[in-house]
Amino acid sequence: MLLLECPYCGAKCEETELSPGGEAHIKRYGPGSSDEDFEAYLFMRENPKGVHFERWRHVYGCGKWFHAARCTQSLEVFGTYAAQTFEPPQEIKDKISGKRPGWSWRDFS
Amino acid sequence: MSMRLKTGGRLLNRASQVEFNFNGKRLFGHEGDTLASALLANDQMLVGRSFKYHRPRGIVASGAEEPNALMNMGEGAKFEPNQRATTTELFEGLIVGSQNHWPSLEYDIGAVNGLFARFLSAGFYYKMFIHPRPFWKHIYEPFIRQSAGLGKAPTEKDADTYEHLYAFYDVVVIGGGVAGLQAARTAAASGASVLVMEQTAHWGGRAIVDGGEIGGQSTEDFVNDSLEKLAAMDNVTLKTRMMGAGVYDHGYLLGYERVSDHAPKATGPRHRLWRIRAGQIITATGAIERPLSFAGNDIPGVMLASALRDYVVNWGVAVGDRTVIVTNNDDAYRTAIALKQAGLDVPVILDARANGAGSLADTARDLGIRVENGKALAKVKGGKRVTGVAICAQAGSGGVLEEIACDAVAMSGGWSPVVHLYSHCGGKLNWDDQVVMFRPDLNRRPTDQNGEGFVTPVGSANGELALSAVLADATVRAKEAVNALGHKAPSTGVPEANEHGENAVEAVWLMPQGAGDKLRMKTWLDFQNDVKVSDVQLAAREGYESVEHTKRYTTLGMATDQGKLSNINGLATLADALNADIPNVGTTTFRPPYTPISMGAIAGAARDEVFQPLRQTPMQGWHDENGADYEPVGHWRRAYCYRRGAETRAQAVEREILQTRKSLGLLDASTLGKLVVKGPDAGKFLDMMYTNMMSNLAVGKCRYGLMCSENGFLIDDGVVARIDEDTWLCHTTTGGADRIHAHMEEWLQTEWWDWKVYVANMTEQFAQVAVVGPNARKLLEKLGGMDVSKEALGFMQWADGTLGGFKARVYRISFSGELSYEIAVPANEGRAFWDTLLKAGAEFDIMPYGTEALHVMRAEKGFIMIGDETDGTVIPQDLNMQWAISKKKEDFLGKRAQERSHMVSSDRWKLVGLETLDGSVLPDGSYAVAPGTNANGQRNTQGRVTSTYYSPTLGRGIAMGLVHNGPDRMGEVIEFNKVDGSLVKAKIVDQVFYDAEGAKQNV
Amino acid sequence: MQKGQSKMSNIQTAMNGVRAAGYVDVSEAPATGMITLRGDLSDAGVQKAVKSVMGAGVPATLAVKDADAGQILWMSPDELMIVCAYDQADQMIADLIAALGDTHSMVVNVSDARAVFDLEGAATPEIIAKLAPIDVKSMQTGTVRRTRFAQIPAAFWMTSNDSARIICFRSVAEYMFNQLRNSAQAGFEVGDW
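Remember, predicted model here, so these are calculated numbers, not experimental data.

Peer 1: Explain the overall build of chain C here, please?
Peer 2: Within chain C one finds four helices and 11 strands. Compactness check: chain C gives a C-alpha radius of gyration of 17 Å against a globular reference of 16 Å for 193 residues, within 12% of the reference. Expressed along its principal axes, the backbone C-alpha trace of chain C runs to roughly 55 × 40 × 25 Å.

What follows is the structure, given as structure tokens:
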């Protein structure tokens, strides 16, 4: 059972205090968008064996959404960060590069 | 015969006699006995029957690895099957019975299966029952179900209680033997918090029985000294009767504490499941001795050598008068020596190794024990107990050299480290040919959230069998573990141990090495599931190469002991049959729990009244007292109706509806969601949340709104009230309050985080009551305090004020079609307000009504219900609710999705009313049939019923449904299927059955 | 909601002040004032308003601060819970709203939406550890934690080394009470842990 640190309150939370929210950094496409963009927005998801970025909510705690960078294979957590961002913080990307050289995920690497 | 010796038994309190009952017989043991030792003390060698052939089986082991001695334990509400006699502490009044036999343990009809053993070989079930197919259901399955399964299922509710405990430690040491205690001392010296758990009631593990000296002390003194030192430390917790059940991700560990299994009359929980987070886990779980594979190795009286030694030393129990020892390693000599020292006869030690043992052999010879090197057992003789053995050369095919009478056989095929807990979370193993075992690969330990290893096996669990090596390993590894946590272990030396020089173990997977078919068919690998050497060899011949497949084909290692004794022997047998190396055949996966844990422990406290939370409104007490017939709505229980006297539910619902429509009804609507949305951007935000416009709602007014997901589908509805310039109150459905609150927070936090909006879930702050019916206004006027006239408070308006002294917010909204007020008062005053309304409403024959009356009345009005008319695939347009979808707004959640081609298609099922021609009530969920069949040969459909009720107001059935192009087909008659296969005709009509012009609610 | 004093006789908490004696005593607190304040806690305007009305400033992350009348609990980076006397809540809300002025914020009375329980006894942390998946032993007096108690959300803080106060939703008060009472029954002591 995962242990993730909520970046808002600093609490180390076990998985049962959190609710998962799927993939992070998905861009919303609304009215006027193409069928392809809208399909990708609603349905297309990464399924990596390795580095992944996902959303979690500290639902039983401060109620805040945050992002987690972790390895889907080893469950190593590279870091958690606030959800109000369009890309992972540089320090987390650097940490991943140190541990998983050559990684890439969608547009990030 | 097995018996209690006059002396010995370090764990016994001989002064205390304990009475127990086995298969109806009254037997006696002592305090300190396990059930297994007490049974043996009473010469109860036969303890069960095997799974497939119902062969007589005796106790093989002395601990958690025992495959045979599984008992039905207790009676009635305390009954539990499959309890291990070896891990059950004896207590006064214990009642047990053996399993898997009929009519009795001694005379079992199922044993006839043994005569057909030739036909019950590996894969028997697959081969036998595959044809003819109809036989499976009517003949094979009932037969197998009747004869399958060990033990009986309990028939009564468990009388015991259980609980959980969340605990956090820097270091958890699993196993209280010398390795665990030494590791704990080392770790604790660093200041780290340490939990040490031992699955039995006693500390010290095997070392005390095995002997030796540590730092000039006996192993027993070393253990006691260590415990004393650890107990004195504040940062150390010591727990016996607690098993490490499973190791999971990120340092999560389950500790299974058997609090009162040994004292069942004590107050308190029976088991406590510790849900532990550990920084580092040290598995000092020891090793398990392997059986040897020779013919007749399952006959009662054949036992692991270490177990025989345990019974003599720990419990003063001799399994037999004359015990033949057979081994491939030096350790079994300790058993010979222990038995001899206890005054028992050891006719011979058969050592399969040509060179025999080291200094222990000299000790044995000095005691007058005959030692034969290079020798093996050709077979064990006996039925329900051992009567003798036939000796042969290990190198040959089993030519008998000599027969020796004996009543017990002690076997040792070497030792396997208990790597289960190390492996649960991904720890990898290597095969070590030198010591003939799988041992942990410390470079491939399970890793935690930081990517670092967090499980450290030490001592015998790490493949170290010699006492000095065990202590050194425990010390070094424990230091590494605490250092990894940032603690500093002080540099302490490793205590010196003195020990015998031992010769290397030799791999012996079949005895004798060239045993023929006849012997192999009597040579057991898995005692509980009846898998023999010949079965594994057959599987190999039939093409099975993977151990995982072979395991399933033969059922090797799939019994309740999960192959603790059989897996390595089975694997080696398979490797040999495939002419492959053991590492190339691989291992099976170790999964939690280590041994079965109780269902009660897993559930913990969650049963009966705390099985799950039941949410209650402030008026629940009144509902309870007034015949409420509840239905679950989310975690709430809402009154479906209030039955009076002998009324049926239907009669109650009819009474409630008629009286409400005629005069006055009262509904507890407290469960409705109430979300306050406030801020400069709240209007903009609600315009995104709802399909219709909310930003232009006037202060003091209410508006009904729809919410969709980004997929376009309806997710919730409700009335929104504008409270002030930047505050709105959004009502949600009962089940939707938490979900829609979370939905709003998600969009605010993760998409529009720069918008200035706050949301608060105020659902439970208010008790809300709907006062409904033509006399509703009269009642409120009687209470007094605020103007509720049509002029002051028109339809779809709200106002704050007081009513009968209660501060209240009053909404003029209606879900019934009647004149209706929904009144919110502070929850703590809800019950008093409800009582006040009832009292004041008596003159109008006020009628509290339940959710069914609510449903029927809304259906009579053609109002949709989320969850009835919607199912996650319905868009507002399907419900003809275009009027609630803003055309002015550029964007709202679901807008883009509703523009997809399938959503805008004219070819959709849409909402209509349905009236049966015969006035009957359409079956719920019924489908409208259409001509022809689809590609699967199923009848075509053209619609389905979404809501259907008997309308007391109209005196006939009414329904709503989604029908293909329904609104264009008014007046058409279509047919719906019924449960009995017949059809019922219904006319497509407008969905509003009652007061279509809305005259009654707008007064 | 219009101001006005409720009749005390009409006020009934979720569990009517129920009590249970065990190896830790469990009791429902009398009606308690609780106020949710939403606002950016790092905003100077919010900090000033809280200080001026409460006599104590915004607490640090996960901290509880004693104020002139009651306590201020940190709930999230943009949420405080103010605990006060039940009949003080409305006035305090009005004062806070006035002090916050144009600062983007929300202040609402949630006194009736919650139930409050007190645990008293040396083994108080043990009762919490039976229900909440957190390291309760590391909780200091003066810190608050929002977590789950078995299957329901709750917030609690240690009011001393051997007492704690727990807040949960009103509708599940009976579930909370039953869980606490069951966990605290005599004979259910964990012993050393």
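Peer 1: Got a minute to help me understand the interface of chain A and chain B in this structure?
Peer 2: A common way to express how large an interface is: the accessible area buried when the components associate. Facing 20 residues of chain A, the contacting portion of chain B comprises 22 residues. Along the lines of polarity and charge, the residues of the side of chain A that touches chain B split into 11 nonpolar, five polar and four charged.

Peer 1: What's the story with helix H21 (residues 737–750) of chain B in this structure? I'm lost.
Peer 2: Given 3.6 residues per helical turn, the α-helix brings residues three or four places apart onto the same face. For H21(B), spanning 14 residues, the distance from its first C-alpha to its last is 20 Å, which sits close to the expected 20 Å at 1.5 Å a residue. Looking only at H21(B), the buried set comprises Ala737(B), Ile740(B), His741(B), His743(B), Met744(B), Trp747(B), Leu748(B) and Thr750(B).

Peer 1: For this particular structure, what's the right way to read the environment of Gln765(B)?
Peer 2: Structurally, the position occupied by Gln765(B) is in the loop between strand S41 (758–761) and strand S42 (766–772). For Gln765(B), a count of 24 C-beta atoms within 10 Å gives the class buried. A C-alpha to C-alpha distance of 9.1 Å links Gln765(B) and Ala824(B), two positions 59 residues apart in sequence. Residue contacts for Gln765(B): discarding those within four places in its chain leaves Pro826(B), Ala827(B), Asn109(C), Val110(C), Asp112(C) and Ala113(C).

Peer 1: Just checking my understanding: could you explain unusual backbone geometry for this structure?
Peer 2: Negative phi values dominate among residues other than glycine, just as trans dominates among peptide bonds. The amide bond that connects Met511(B) to the next residue, Pro512(B), takes the cis arrangement and shows omega of -10 degrees. Assignment of secondary structure puts Pro512(B) in the loop between strand S31 (497–498) and helix H12 (517–520). Here the bond from Pro592(B) into Pro593(B) is cis, since omega is -5 degrees, no more than 30 degrees from zero. Take Pro593(B): it is sitting in the loop between helix H16 (582–585) and helix H17 (599–603). For Leu75(A), which is not a glycine, the phi torsion comes out positive at approximately 65 degrees. Inspection of the secondary structure puts Leu75(A) in the loop between strand S5 (65–71) and strand S6 (77–82). The class for Leu75(A) is partly exposed, based on 19 C-beta atoms found within 10 Å. Even without being a glycine, Ala150(C) presents a positive backbone phi close to 55 degrees. For Ala150(C), the location among the structural elements is in the loop between strand S9 (144–149) and strand S10 (152–160).

Peer 1: Where do I start with the interface of chain C and chain B in this structure?
Peer 2: The partner chain B presents 43 residues to the 44 residues of chain C that form the contact. Per element, the largest residue contribution to the side of chain C that touches chain B is six residues, and it comes from helix H4 (residues 173–183) of chain C.

Peer 1: Got a minute to help me understand the packing of helix H4 (residues 178–188) of chain B against helix H11 (residues 467–484) of chain B in this structure?
Peer 2: Two quantities define a packed helix pair, namely the angle between the axes and the distance from one axis to the other. Residue and element names in this part refer to chain B. Interhelical geometry of H4 versus H11 gives an angle of 35 degrees and a closest axis separation of 8 Å. H11 is crossed by H4, and the crossing has right-handed handedness. Note on element contacts: H11 touches H4 through Val 470, Leu 471, Ala 474, Thr 475, Arg 477, Ala 478, Lys 479, Ala 481 and Val 482, opposite Val 178, Ala 179, Gln 182, Ala 183, Thr 186 and Ala 187. Partitioning the contact of H4 with H11 into residue classes produces 10 nonpolar, three polar and two charged.

Peer 1: I'm lost on the domain arrangement of chain B in this one. Help?
Peer 2: Taken domain by domain, chain B holds domain 1 (1–155), domain 2 (162–288 + 416–491), domain 3 (620–670 + 765–857), domain 4 (673–764) and domain 5 (903–989). Taken residue by residue, the interface counts five residues in domain 1 of chain B and eight residues in domain 2 of chain B.

Peer 1: Help me out: how do you make sense of the packing of helix H1 (residues 44–54) of chain C against helix H2 (residues 89–100) of chain C in this one?
Peer 2: Residue and element names in this part refer to chain C. Remark: H1 packs on H2, axes separated minimally by 9 Å, with the N-to-C direction vectors making an angle of 140 degrees. By the criterion of interaxial angle, the relationship of H1 to H2 is oblique. Seen along the crossing, H1 lies across H2 with a hand that is right-handed. On H2, the residues that touch Gly 45, Val 46, Ala 49, Ser 52 and Val 53 of H1 are Met 92, Asp 95, Leu 96, Ala 99 and Leu 100. Considering only residue class, the contact of H1 with H2 consists of seven nonpolar, two polar and one charged.

Peer 1: I keep staring at the sheet that holds strand S2 (residues 25–28) of chain C and nothing clicks. Help me out?
Peer 2: Strand pairing within a sheet occurs via backbone hydrogen bonds; the two strands may be parallel or antiparallel. Residues and elements named next belong to chain C. If you trace the six strands from one edge of the open sheet to the other, you get S1-S2-S8-S11-S10-S9, paired in antiparallel fashion. The open sheet has two edge strands with one neighbour each: strand S1 (19–20) and S9. Here S10 pairs with strand S11 (residues 163–169) via six bridges, running antiparallel. Bridge pairing in S11 places Met 158 opposite Ala 164. Here H4 sits on the sheet and contacts S1, S2, strand S8 (114–120), S9, S10 and S11; the angle it forms with S8, its principal contact strand, is near 10 degrees.

Peer 1: Sorry if this is basic, but what is going on with the sheet that holds strand S23 (residues 375–382) of chain B here?
Peer 2: All names here are of chain B. The three strands lie next to each other as S23-S24-S25, forming an open sheet whose pairing is antiparallel. If you trace the sheet from one side to the other, it starts and ends with S23 and strand S25 (402–405), each paired once. On average, adjacent strands in this sheet sit at an angle of 25 degrees to one another, irrespective of strand direction. Judged from the seven bridges that link them, S23 and strand S24 (residues 386–393) form a sheet pairing that is antiparallel.

Thresholds, definitions, all that
- Residues numbered from 1 in each chain as written.
- Chains lettered and ligands numbered in written order.
- Predicted model: local features only at pLDDT ≥ 70, side-chain atom pairs only at ≥ 80, totals over all residues.
- Helix = DSSP H or I, 4+ residues; strand = E, 2+ residues; numbered from the N terminus.
- Rg over C-alpha atoms; globule rule 2.2 N^0.38 Å.
- Contact = placed C-beta atoms within 7 Å.
- Nonpolar A, V, L, I, M, F, W, Y, C, P; charged D, E, K, R; others polar.
- Expected span 1.5 Å × (residues − 1).
- Buried ≥ 20, exposed ≤ 12 C-beta atoms within 10 Å, placed from the backbone.
- Axes fitted to C-alpha atoms, helices over the stretch in contact; angles between N-to-C directions.
- Left-handed = near helix turned anticlockwise from the far one by under 90°.
- Domains from an automatic or database assignment.
- Parallel < 35°, antiparallel > 145°, perpendicular 65-115°, else oblique.
- Pairing = 2+ DSSP bridges.

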